[in-house]
Amino acid sequence: MAEPTNKPTTFKPFVAAETIISEFSIKAIILGALFGILFGAVTVYLGLRAGLTVSASIPIAVLSISILRFLGRGTILENNIVQTTGSAGESVAAGVIFTLPALIFLGFPLEYTRIFLLALLGGWLGILFMIPLRRQLIVKEHGNLSYPEGTACADVLVAGEKGGSFAGRVFLGLGLGGVYAFLMHAMGFWRSTPEYRPSWFPGASVRAEVTPEYLGVGYIIGPKVAATIFAGGVFSWLLMIPAIKFFGAQLSEPLYPATIPISEMGPSQIWASYIRPMGAGAVAAAGLITLLRTLPTIVESIKTGLRDLAARKSAVVETRSRIENDLPITVVLGGSAILVFMIWSLLTFAPILGAQTGIFSNLLSSLLVVIFGFLFVTVSSRIVGLIGSSANPVSGMTIATLMATCALFLIAGWTGGAYSALALTIGGIVCVAAANAGATSQDLKTGFLVGATPWKQQVGLMVGVMASVFVIGLTLIMMNKGLAEFKPIAINIDLAQLPQGVQIETKEFEYKGRNYYLINAIGSRTVPDGKYLYNPESQQIEIQWIQGIGSEKAAAPQARLMATVINGILNQQLPWGLVLLGVFLVVVVELLGVRSLAFAVGSYLSIATTLAIFCGGVVRWLAERGTTHKAGEGEVSPGALYSSGLIAGGAIFGLAAIGIALLEEAGVLDRGSFLIGPKLLAGLSEQPIFSVVMFLLLAASLFYFARKPIETKL
């Protein structure tokens, strides 16, 4: 492949402009749509649990090469359409999980149709806004903006065209990761989260979620980032939680925002009450600092975009070659107008239950989506071109959008709960658009290098968005229900005088054949945040309904952060002391010369997540010891391909286990028929050391395949 150059007119793509080969074929689109569905669901699962996502383009590309070769030789441009269409699912899912689960934390239900429409609108806006930017950022800036994942994906496609085979390594990881996850989650051969609580260190907890997806994520992000994330976990779980336990053990009364004394709280309860607000403040501060670092890029992007738009107006219309044909600007303008009208119609005629707002506020919200959307689509595309998709500060852009939106709402006096949902809707669409724009840029860069037709890629991206949004909302709702728990609790409240922040959602909620009142608490000093079942006969809360999203199993840190920002500005319901502790923790970390975003995310997540991710980073450090080459950002390596398989296999079978639990709850399936592990292994399956041994064996397989080179044909 030709080397990048600052003179894009001299660049020669792999497939010449005058060469016509199969590209936008039925088999390529169908396969790409299927990958979009698969990786959309996998990203929801991984993102909610780990707070991280990984690029899907390269795994899809290597799988496509193998599958199309099996179906009858596919062209390089068909493989490119497959990865372009499929990768849209991952990016849209990332934008969704960073924002829309916050509806739960704000006290609103997750509705499938609403998630579907918001994801679709945001995904398509991101693509449409990127179309007029392609020539400037992808073509004219070639040599200045490297787009590392896009360039690496092009290298994979070219290697596959020349005879290189990478798919076997991905399939190995997928198969082994899937079997491991199914044996653990569905059949119960070993515990998924071994834990050790040292009696000599009250409040401390060392635990690890020994899943293949976390091991794979740790390997891909590398030892430095994995160690930084784990450092945040160590700070929270082995420093702050024991410190809170030590200093609060003598208190006989609850300390806000908790509603029970610290002496009666375990590590997980202290994390939920005190560490989560602190972690949210840390993530918010780190996101804004990351955004401020890119401020020069933002300003330059806007200036460059305006100059290019002016040049387009004065340019003479000329016939363009195949590799220069984008979708026409009329499609961009007309499509954007239709999408904005759809946003307004959705907010006006189908508002979130209990969140009705006026026509004017809905119109303003639609305009804010356009303004912030185009701004951050431009910013997102340029940033991923410079430093890669993994460093794209999408959460920081969303925080900025929410802060500006909430400030406008506050000035207008729109501070009710309905406007919280409205602000989140704006932030959610912008977040999806920015996330998808970053991935779209990488795909268009791949296409530029291999000689693809731009308009065909752009249509493929829209198909990928449409396909993936069908499963993104379904996976989100399934995880929220499948990971939920109902725990007995006793809290006395007077329905005639409900405490501040407590409200009745419905008086008809059936659980185990009995009718309860469903109570929701947000920012109350007497009832912890969450949902509860109130028994009108005993006149007290008897059951706590712990939603799957927001629990330790699916912490959703970015979504929790969005809810914190909205509540803090609009409703003034925020434990500011804890939030500011997190903010200044990030300041200290930055002063030490450490990039704070990874540390902040680690401080919010459970140490069970961060420790497992750290193990993956350690495996990569060991695998690369003694080698002369270290894999860089977006670069393909045997270990990264195997890790991608581990992530996909672990997530797919993790979702399967959740599906089995839901079927059991519905009375369709007896899960006991699957749980043969405890019967075969007696008490061994419950021993934490056995879980550790199995995880070490999985890590050993990753080390082996990371060191084993992939055979390529020249």
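These figures come from a predicted structure and were not determined experimentally.

Turning our attention to the nonpolar core. Counting residues in each nonpolar core, the largest one holds 188 residues, and the members touching the most others are Leu 48, Val 96, Leu 476 and Met 479. Ranked by the residues each element gives to this core, the list is headed by helix α15 (residues 417-450), at 18 residues. Apart from residues no more than four positions distant in its own chain, Leu 476 is found in contact with Val 44, Leu 48, Val 96, Ile 97, Pro 101, Leu 110, Ile 115 and Ile 549. In this structure, Ile 491, Tyr 517, Ala 521 and Ile 541 belong to the second largest nonpolar core, which totals ten residues.

With that settled, consider the packing of aromatic side chains. Pairs of aromatic rings are described using the distance from one ring centre to the other and the angle between the two planes. Enumeration over the complete set of coordinates arrives at 23 aromatic pairs. Ring centres of Phe 35 and Phe 39 lie 6.3 Å apart, and the angle between their planes is 50°; this geometry places the pair in the tilted category. Within this pair, Phe 35 and its partner Phe 39 are both found in helix α1 (residues 26-50), separated by four residues, close to a single helical turn. Phe 35 gets classed as buried once you look at its relative accessible area, which sits at 7%. The ring of Phe 105 is capped by Arg 560, whose NZ or CZ atom sits 3.9 Å from the centre of that ring. A cation over a ring is seen here: Arg 620 above Tyr 219, with NZ or CZ 5.8 Å from the ring centre.

All right, on to the sheet that holds strand β7 (residues 540-546) then. Note on sheets: strands pair through backbone hydrogen bonds, and any given pair is parallel or antiparallel. A sheet is described by the order of its strands in space; here five strands give the open sequence β3-β7-β6-β5-β4, paired in antiparallel fashion. Edge strands, defined here as strands with exactly one partner in the open sheet, are β3 (485-491) and β4 (502-511). Pairwise comparison of adjacent strand axes, ignoring direction, gives a mean angle of 30° for this sheet. Bridge analysis of strand β6 (residues 530-535) against β7 gives five bridges, and the strand direction is antiparallel. Its bridge partner lying in β7, Tyr 534 is registered against Ile 541.

Here Pro 194 is to be found in the loop between α8 (167-186) and β1 (195-196). Assessed through its relative accessible area of 7%, Pro 194 is described here as buried. Sequence separation between Pro 194 and Glu 686 is 492 residues; the distance between their C-alpha atoms is 8.8 Å. When residues no more than four places from it in sequence are discounted, the contact partners of Pro 194 are Val 206, Arg 207, Ala 208, Val 210, Pro 688, Ser 691 and Val 692.

Before going further, it helps to spend a moment on the confidence of the model for the protein chain. With 88% of its residues at a pLDDT of 70 or more, the protein chain shows a mean pLDDT of 83. Between the elements of the protein chain, mean pLDDT differs from a low of 61, seen in helix α11 (residues 295-314), to a high of 94, seen in helix α23 (residues 688-707). Contacts from residues 1-9, a stretch scored under 50 in pLDDT, to residues over four places away or in other chains number 17 contacts.

Next up on the list: helix α21 (residues 638-665). When the terminal C-alpha atoms of α21 are compared, their 41 Å separation across 28 residues agrees well with the 40 Å that a helix rising 1.5 Å per residue should span. Where burial is concerned, most of α21 is hidden: 21 out of the 28 residues are buried.

With that out of the way, let us pick up the environment of Lys 12. As for its position among the elements, Lys 12 is in the segment before α1. What makes Lys 12 exposed here is its relative accessible area of 59%. Once the C-alpha coordinates of Lys 12 and Leu 449 are considered, the two residues, 437 residues apart in sequence, prove to be 8.0 Å apart.

In terms of burial, strand β5 (residues 514-521) is largely enclosed, as six of its eight residues are buried. Taken together, the seven bridges between β4 and β5 define a ladder with antiparallel strand orientation. Looking across to β5, one finds that Glu 510 is bridged to Asn 515. Counting the residues in the hairpin turn of β4 and β5 gives two residues, including Lys 512, whose phi is positive at 55°. With five bridges joining them, β5 and β6 adopt antiparallel strand pairing. Opposite Leu 518, over in β6, you have Leu 533 as the bridge partner.

Enumeration over the complete set of coordinates arrives at eleven salt bridges. The salt bridge partner of Glu 23 is Lys 456, with a shortest N-O separation of 4.0 Å. Separated by 433 residues along the polypeptide, Glu 23 in the segment before α1 and Lys 456 in helix α16 (residues 454-482) bring together distant segments of the chain. Taking the relative accessible area as the measure of exposure, Glu 23 reaches 3% and is therefore buried. Residue Glu 213 pairs with Arg 49 through a salt bridge whose shortest N-O separation is 4.0 Å. One end of the pair, Glu 213, is in helix α9 (residues 212-248); the other, Arg 49, is in helix α1, and 164 residues separate them in sequence. For the pair Glu 213 and Arg 49, a shared accessibility class is recorded, and that class is buried. A network of salt bridges, in which partner residues are shared, links Glu 23, Arg 322 and Lys 456.

Inspection of the secondary structure puts Thr 228 in helix α9. Ignoring sequence-local partners within four residues, the contact set of Thr 228 consists of Val 594, Arg 595, Ala 598 and Phe 599.

Our next topic: helix α2 (residues 57-71). Between its first and last C-alpha, α2 extends 21 Å over 15 residues, near the 21 Å set by a 1.5 Å rise per residue. Restricting attention to buried positions, one finds in α2 the residues Ser 57, Ile 58, Pro 59, Ile 60, Ala 61, Val 62, Leu 63, Ser 64, Ile 65 and Leu 68. Within two residues after α2, Gly 72 carries a phi angle of roughly 120°, on the positive side.

This brings us to the packing of α15 against helix α17 (residues 557-571). At a closest axis distance of 10 Å, the pairing of α15 and α17 adopts a crossing angle of 135°. Viewed along their axes, α15 and α17 adopt a mutual orientation that is oblique. Judged by the twist between their axes, the crossing of α15 over α17 is right-handed. Residue-level inspection shows Tyr 419, Ser 420, Ala 423 and Leu 424 of α15 in contact with α17, the latter providing Met 562, Ile 566, Leu 570 and Asn 571. Among the residues forming the contact of α15 with α17, the class breakdown is six nonpolar, two polar and no charged.

Parameters and conventions
- Residues numbered from 1 in each chain as written.
- Predicted model: local features only at pLDDT ≥ 70, side-chain atom pairs only at ≥ 80, totals over all residues.
- Heavy atoms only, no water.
- Core = buried A, V, L, I, M, F, W, Y, C linked by side-chain atoms within 4.5 Å.
- Buried < 20%, exposed > 50% of the residue type's maximum accessible area, 1.4 Å probe, protein only.
- Helix = DSSP H or I, 4+ residues; strand = E, 2+ residues; numbered from the N terminus.
- Contact = heavy atoms within 4.5 Å.
- Phe/Tyr/Trp six-rings, centres within 6.5 Å; stacked < 30°, edge-to-face > 60°.
- Lys NZ or Arg CZ within 6 Å of the ring centre and 35° of its normal.
- Pairing = 2+ DSSP bridges.
- Axes fitted to C-alpha atoms, helices over the stretch in contact; angles between N-to-C directions.
- pLDDT = per-residue confidence, 0-100.
- Expected span 1.5 Å × (residues − 1).
- Salt bridge = Lys/Arg side-chain N within 4 Å of Asp/Glu carboxyl O.
- Parallel < 35°, antiparallel > 145°, perpendicular 65-115°, else oblique.
- Left-handed = near helix turned anticlockwise from the far one by under 90°.
- Nonpolar A, V, L, I, M, F, W, Y, C, P; charged D, E, K, R; others polar.

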